[in-house]
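# A look at the structure
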Amino acid sequence: SFRLGQETFILCGAEAPVQSGSTCYREGMSELEIQPNADGTFEIGIESAQGNAHICSLAGRATKVTDGYLYTERLENGSQCELSIVLDSSGNVTFKDTDWTCKQYYCGARAAFEHIEFGPGARVQCN
């Protein structure tokens, strides 16, 4: 489980024990938490309120890639959600959902992962 704001999320199928060393970002109405697992994967939690209070919300397991983290999931309709969490050398965090497959499943009509950005000053202490 992990906390995001005032909510605690319990991750289904999270059999790998979570290690310390979580990284959290908070900016505006958006939050991101990244927790390392003992098996080298990472639990991610994203929550963002955007236009007309439409929400993007996703929690799951990601892998480390060269420029950040990659979350992949085969969705119920057979399509592939691939969400990249990109960390640049300046400390900025952005998201890439190239074909918006993840947005269609995890975001409201006026929200998208690609609208979420965290600047270098958005890194905060995890609760």
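Residues numbered from 1 in each chain as written. Predicted model: local features only at pLDDT ≥ 70, side-chain atom pairs only at ≥ 80, totals over all residues. Heavy atoms only, no water.

## What about the overall build of the protein?
Note the threshold: Only DSSP runs of H or I with at least four residues qualify as helices, and only runs of E with at least two residues qualify as strands; both kinds are numbered from the N terminus onward. Buried, partly exposed and exposed residues are distinguished by accessible area as a fraction of the type maximum, computed with a 1.4 Å probe on protein chains only: under 20%, between the cut-offs, and over 50%, respectively. Throughout, a contact is declared for two residues whenever any of their heavy atoms are within 4.5 Å. Computed with the Shrake-Rupley method and a 1.4 Å probe, the accessible areas treat only the protein chains shown as cover for residues.
Along its length, the protein carries one helix and 11 strands. Across the 127 residues that make up the protein, the buried fraction comes to 41%. When contacts within the protein are restricted to residue pairs at least 6 apart in sequence, those whose partners lie at least 24 apart make up 42%. Only carbon and sulfur atoms are counted for the fraction: they give 48% of the accessible area of the protein, which is about 6,900 Å².

## Quick notes on the packing of aromatic side chains
What counts here: Aromatic contacts are taken between Phe, Tyr and Trp rings whose centres are within 6.5 Å, Trp giving its six-membered ring; a plane angle under 30 degrees counts as stacked, one over 60 as edge-to-face, and the others as tilted. We count a charge as sitting over a ring when the NZ of a lysine or the CZ of an arginine lies within 6 Å of the ring centre and within 35 degrees of the ring normal.
Across all of its chains, the model carries four aromatic pairs by this definition. Ring centres of Tyr 105 and Tyr 106 lie 5.0 Å apart, and the angle between their planes is 75°; this geometry places the pair in the edge-to-face category. With a relative accessible area of 37%, Tyr 105 lands in the partly exposed category. Clustering of aromatic rings is evident, with ring pairs tying together Tyr 25, Phe 95 and Phe 118. Of note, Lys 64 hangs over the ring of Tyr 69, and the distance from its end group to the ring centre comes to 4.8 Å.

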